[in-house]
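# Overview (structure and organization)
The residues making up each chain are set out below.
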Amino acid sequence: MVSNRGHGRRFGLLAGAAVAVAAMTGAAHAQQAQLITVSVQSQDLGNALNQLARQTNVQIVFRPELVRGKQAATLSGNLTPQQALDRMLTGTDLTYRTTGPNAYVILAQATTGPQPQSGADTSAPQAEEEIVVTAQKREERLQDVPMSVAVLGGQYLDQSTTQGITEELMRVPGVAAFNHTQAGGTVVTVRGVAAAGPVFAGSSPVSYYLDSVPFGLVQTAIAPDANAYDLERVEVLRGPQGTIYGANAESGVVRVLTHAADLTSFDLKGRVSTSGTEGGDESYRADVAINVPLIQDRLAARAVLGYQDLGGWVDYINHPNANDAQIRNGRLRLDAQPTSDLTLSGSAWASRSDFGGKAASSDDGIRHTSGDESYSIDFDVYSFRVGYDFHNFTLTSASSYIDYSSSGDTDVTALFGVASTLNDNFNANVFSQEVYLNSEGDGPWRWTVGAMYRDGEDINLQRVPEFGLVFDWTNTSKSYAAFGELTRLLLDDTLELTVGGRYFHDDVESREDHAVAPVNPPNYYDAQDSFHAFTPRLVLAWHPVPNTTIYGSYSEGFRSGSPQSYPTTGGVPGFPSADPDKLHNYELGAKGDLGWISFDTSVYYIQWDDVQQQVSVLFNGAPVSAIINAQSASGLGVDAGVTFHPTHNLNFGGTVSWNGLTVDEDVPFSGGILFRSGERLNFSPEYTASAFADYSWALGGGFNARLSSSASYTSGQDFRSIVGGATVIGAGDKIFIGRASLSIEAPTAWNLNLFVDNITNEDGGVIRNPFFGPDATTRVRPRTFGIQVDYHY
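This text gives an overview of the structure that appears in the document. (Residues numbered from 1 in each chain as written. Predicted model: local features only at pLDDT ≥ 70, side-chain atom pairs only at ≥ 80, totals over all residues. Heavy atoms only, no water.)

## Regarding the overall build of the protein
What counts is decided by this rule: Secondary structure elements are taken from DSSP: a helix is a run of H or I of four residues or more, a strand is a run of E of two residues or more, and numbering for both begins at the N terminus. By definition in these notes, contact holds between two residues if any of their heavy atoms fall within 4.5 Å. Per-residue accessibility takes into account occlusion by the displayed protein chains alone, with areas from the Shrake-Rupley method and a 1.4 Å probe.
Secondary structure assignment for the protein yields 10 helices and 47 strands. Within the protein, contacts between residues at least 6 apart in sequence are counted, and of these 66% link residues at least 24 apart. A total accessible area of about 28,800 Å² is found for the protein, and carbon and sulfur atoms account for 58% of it.

Here is the structure:
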């Protein structure tokens, strides 16, 4: 039964948020769309489209062969972007399609196929048409990019009812993501490749970006669970991206991309929702986004505010529904275009999350502790980006700073055998700077060249007061890299050959800053090491017909090594540093959009050398983490997805991913066997799959209805380690999550969405943590019913 605790307060705040959104409606409608002064001289159509894009501050994407040999007439006057495109394409065999706010794709009229409803977005992550992505640091159509890429569209994310990006990633084929009970951060797996543990087990092999900010920590693999509202899109790049994205992009990249501030028009949208969870408390949320041009055509601001009050459902002893949460987040982005060639962008993210307890329990749904396990996760992210168009090439500079922290208590009675609590405080600070050049124009050559610098620091403070244990150490990394890619178009641009590479150098340090009790006299420790690597990339892509790409590639990914921490070497003197690991990926793929059907499939083989894995050694009787290198892991894999959209009203499809990644030889340690040959690595599911269907129809009077359903499946994820020579195993369950929603779309700007998440009431253990006992098993939220109201001016 759903608890009524706080019922009146929550509905009062919910209603207040709705009134606040509605109060801005009048002011919003008072704004009128602004015409833009356009002046484009008669010239080659490709150059004319690029110039039009700069003048109107929109994205215009086209394939060079479509516009080659075509001439644009002189165009001038006060026009909207659509009017300008209509006039520029008059007399050609080309048309265009809107792909999002201020984004257009040029198409051949004979190959446009069935069109979605204006402004419509499907309920499935991969069902959008003509998606524009920047996976290779330049704007391209998704079906033209010769790599395996999944996209979660912005409009789909706005309508979604999930808590954040982490839940959305669970719907992407080949990806597994969950919030770990340790440190509370998100752990991401791509194609079966993951860090051996969330903390103290090496950095993540999956790179995570917030716009241009690389959210990679020194020796910790967690990422933030960012708010999914008012995003341009989320791109998931599967496979190594070491050339363009660096050391943490060993098996893939997650890119969370926000909307740029619109320089020309006011925009306002918001959503409010309330829901009830079976066996738990009520939840509600409110989000609002606003865009304001500050100086017409020159400077604009876009702000997003969100609040969630999430009801708990895990019962602690004497504390029912203890894992409630209050999450507050905000984003502010300023975009400026002082001249037609110069763009400036600055942004700030802030998130504050307070949790009453852990989303973990034994199989009976109870966490058997009466202690306080509240914890908090905070982060602030700042970035500044400068772009300048030299017409033959563009220059981009991206600077960023991250401040991430988490703190809280965990009952570790199961670990020590007597009543005890682990007090954990973690703080990370990362500065990064990247500069790169991109070619422009429609010639046969395309190139990218750049360099980066990163300075990161992780500070770890752990205490077990009952035993007088204090662990206080710092990991630092100062790294730099140079990278480049070169593409040559051949055979009338139907064939493209890309070669690239990146050189990386990293200086790392592990330092103990204070005495480690109960050792007496005090011990101090400082270990340093350096690592470097070169990661190449080779791609051959063929475009036999428009909207179809077939490709073969070889790429490498790299993850830096690390000296061991003081507790590790204190327990085992002379414990060697962890070496870097490197992943080799051989891939064949095909993708395309035939109008009524789109597909994306790839077959790959992974060879992962010197795999970093986590074990434990004893220091003064307490188990502490250490990193060792397994010799190698390898295996075949397949990603396959298909979407059918036979009519404007119907989309359906599915995806399946399988990987056979297993260790090649036994991995012994301290008299035990961590992994036997043929066994899977930590947090490495063999299968992920998804299915979806979306149907819309007219209700009359200008109202429309949309019925959506989806399901996702992830096979079991195990966790292994060795403590005191004994192998400990936590076997995760298969997880199946079903969802359904019914939306009513009003003829004005309002939508009403009735939804149910986790239809089957899945209650399996996503991750089982053998260190902290059976009631430390990570769970998903039980069946949840709710209602959401959306408004968009």
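Further notes follow.
## As for the packing of aromatic side chains
Rule in force here: Any two rings among Phe, Tyr and Trp, with Trp reduced to its six-membered ring, count as a pair given centres within 6.5 Å; such a pair is stacked if its planes are under 30 degrees apart, edge-to-face if over 60, and tilted if neither. Each residue's exposure class comes from its accessible area (1.4 Å probe, protein chains only) as a fraction of the maximum for that residue type: buried when under 20%, exposed when over 50%, partly exposed otherwise. Ring-over charges, as used throughout, are those where CZ of Arg or NZ of Lys falls within 6 Å of the ring centre and within 35 degrees of the ring normal.
The final tally for this structure, using the stated rule, is 21 aromatic pairs. Relative to F669, the ring of F575 lies with its centre 6.1 Å away and its plane at 50°, an arrangement referred to as tilted. Of this pair, F575 sits in the loop between helix 10 (566-571) and strand 33 (581-593) while F669 is found in strand 38 (residues 667-669), placing the two residues 94 residues apart along the sequence. Comparing F575 with F669, the two get one shared label, buried. Each member of the aromatic cluster is reached from another via a ring pair, and the members are F215, F379, Y404 and F426. The ring of Y229 has K269 lying over it, and the distance from NZ or CZ to the ring centre is 5.3 Å.

## Thoughts on the environment of S562
Selection criterion: In protein, a polar contact requires one atom able to donate a hydrogen and another able to accept it; more generally it is a pair of N or O atoms within 3.5 Å, and residues adjacent in sequence count only if both atoms are side-chain atoms.
Position of S562 among the secondary structure elements: in the loop between strand 32 (548-559) and helix 10. With 359 residues separating them along the chain, S562 and S203 place their C-alpha atoms 9.3 Å apart. Discounting chain neighbours no more than four positions away, the residues touching S562 are Q219, V508, F531, S577 and A578. A distance of 2.4 Å separates polar atoms of two side chains, one belonging to S562 and the other to Q219.

## Things to note about helix 5 (residues 81-88)
This is how the line gets drawn: In this context, the arc is that of the directions from the helix axis out to the C-beta atoms.
All buried positions along helix 5 are accounted for by P81, A84, L85 and M88. Taken around the axis of helix 5, the buried residues stretch over an arc of 95°, which confines them to a single face.

## Overview of helix 3 (residues 45-56)
Stated formally: Any helix carries an expected span of 1.5 Å times its number of residues minus one.
Helix length check: helix 3 (12 residues) gives 16 Å between terminal C-alpha atoms against 16 Å at 1.5 Å per residue, within 8%. Within helix 3, burial applies to L45, G46, A48, L49, L52, A53, R54 and T56. Looking one or two residues past helix 3, N57 carries a phi angle of roughly 55°, positive in sign.

## As for the nonpolar core
Definition in use: Joining through side-chain atoms within 4.5 Å is the link that ties buried Ala, Val, Leu, Ile, Met, Phe, Trp, Tyr and Cys residues into a set, and such a set is a nonpolar core.
Core analysis: the largest hydrophobic core is formed by 88 residues, its most contacted members being I165, Y208, L210 and Y404. Excluding anything up to four places from it in sequence, L210 contacts F215, P224, A226, V256, W349, F379 and V381. Counting residues in hydrophobic clusters, the runner-up holds 23 residues, among them A53, V67, L94 and Y104.

The analysis is restricted to geometry; functional conclusions fall outside its scope.
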